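Topology and contacts: notes
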Amino acid sequence: QVQLVESGGGLVQAGGSLRLSCVASGLTFNNYVMGWYRQAPGKERELVAHISPGGSTNYADSVKGRFTISRDNAKNTVYLQMDSLKPEDTAVYYCNAVSTSSKFNFWGQGTQVTVSS
């Protein structure tokens, strides 16, 4: 079955950096748009960034210039480099995979990111 396994979350001070990783298995990675979403307490889940199989990227305005999404198709892995972190970036971060046909949609279990002020 399809699995998306996130890692790299943790506690960091404001201004610091973290790198999230998501390893996908059970799917043809090159056929999926990979994304990172986040959900803060009491808020709805929101898109952070996504990347197409060919490497085209899209970012939420709140993270532009601070976060970078990338993928390694040979390793079935998508990354989220998060720099200049702010307390408002505190959330559970989820990895997402959507097939280019939009027929399939999978989620990881989430990883907690906490930014202290």
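Check the entry above for the structure.
In short, a report on the structure. These numbers come from a predicted model, not from an experiment. (Residues numbered from 1 in each chain as written. Predicted model: local features only at pLDDT ≥ 70, side-chain atom pairs only at ≥ 80, totals over all residues. Heavy atoms only, no water.)

Section: the environment of Ile69
Applied cut-off: Numbering of helices and strands runs from the N terminus, with a helix taken as a DSSP run of H or I at least four residues long and a strand as a DSSP run of E at least two residues long. Working rule for contacts: check all heavy atoms of both residues, and any pair within 4.5 Å makes them a contact.
Within the fold, Ile69 resides in strand 7 (residues 67–72). Taking the C-alpha atoms as reference, Ile69 lies 16 Å from Val113; in sequence the two are 44 residues apart. Filtering out sequence-adjacent residues up to four positions away, Ile69 remains in contact with Met34, Gly35, Trp36, Ala49, His50, Ile51, Thr57, Tyr59, Val78, Tyr79 and Leu80.

A few points about the sheet that holds strand 7
Applicable threshold: Strand pairing is assigned whenever DSSP detects at least two bridges linking the two strands. Fitted lines through C-alpha atoms serve as axes, helices being fitted only where they are in contact, and the angles separating the N-to-C directions of these axes extend from 0 to 180 degrees.
In spatial order, the strands read 1-3-8-7; together these four strands make up an open sheet with antiparallel pairing. Of all strands in the sheet, those bounded by a partner on one side alone are strand 1 (3–7) and strand 7. Across the sheet, the mean angle from the axis of one strand to that of its neighbour is 15°, orientation sign disregarded. The sheet contact formed by strand 1 and strand 3 (residues 18–25) spans five bridges and is antiparallel. Bridging from a neighbouring strand, Glu6 pairs with Cys22 of strand 3.

Re the state of the cysteines
We count it as follows: Here, the term disulfide refers to a pair of cysteine sulfur atoms separated by no more than 2.5 Å. Buried residues are those whose accessible area, probed at 1.4 Å on protein chains only, stays under 20% of the maximum for their type, while exposed residues exceed 50% and partly exposed ones sit between those limits.
Following the criterion strictly, the structure yields one disulfide and no others. The partner cysteine of Cys22 in its disulfide is Cys95, sulfur to sulfur 2.1 Å. Disulfide Cys22-Cys95: torsion about the S-S bond near -80°, hence left-handed. With Cys22 in strand 3 and Cys95 in strand 9 (residues 91–99), this residue pair connects regions lying 73 residues apart in the sequence. For Cys22, a relative accessible area of 0% corresponds to the buried category. By relative accessible area, which is 0% here, Cys95 ends up buried.

Concerning the pairing of strand 5 (residues 46–51)
Each regular strand carries side chains that alternate between the two faces of the sheet. As judged from the five bridges shared by strand 4 (residues 32–39) and strand 5, these two strands associate in the antiparallel manner. For Gly35, the partnering residue across the bridge sits in strand 5 and is His50. Count of turn residues in the strand 4/strand 5 antiparallel hairpin: six residues, of which Gly42 carries a positive phi of about 80°. With three bridges connecting them, strand 5 and strand 6 (residues 57–59) associate as antiparallel partners. Residue Ile51 lies in a different strand from strand 6, and its bridge partner there is Thr57.

Details of the nonpolar core
Heads up, the condition is: Within this scheme, the nonpolar core is defined by two criteria: the residues are buried Ala, Val, Leu, Ile, Met, Phe, Trp, Tyr or Cys, and they are joined through side-chain atoms within 4.5 Å.
With 29 residues, the main nonpolar core has Met34, Trp36, Leu80, Met82 and Tyr93 as its most contacted residues. Going through the elements one at a time, strand 3, strand 4, strand 5, strand 7, strand 8 (77–82), strand 9 and strand 11 (111–116) are the ones with two or more residues in this core. Every residue in contact with Met82, bar those within four places of it in the chain, is listed here: Gly16, Ser17, Leu18, Leu20, Arg66, Phe67, Tyr93 and Val113.

Observations regarding the side chain of Arg71
Threshold: When charges are counted, Lys and Arg are positive and Asp and Glu negative, with His and the chain ends excluded. The term salt bridge refers to a side-chain nitrogen of Lys or Arg lying within 4 Å of a carboxyl oxygen of Asp or Glu. Counted as a polar contact is a pair of N or O atoms within 3.5 Å, where, for protein atoms, one must be capable of donating a hydrogen and the other of accepting one, and residues adjacent in sequence contribute only when both atoms are in side chains.
By secondary structure assignment, the location of Arg71 is in strand 7. There is no salt bridge for the buried Arg71, and the closest opposite charge comes from Asp72, which lies 8.4 Å off by N-O distance. A polar atom in the side chain of Arg71 sits 2.7 Å from the side chain of Asn73. Those residues in contact with Arg71, other than ones at most four positions away along the chain, are Phe29, Asn30, Tyr32, Val33, Met34, Ile51, Ser52, Pro53, Thr77 and Val78.

Function cannot be read off these values alone, since they describe shape.
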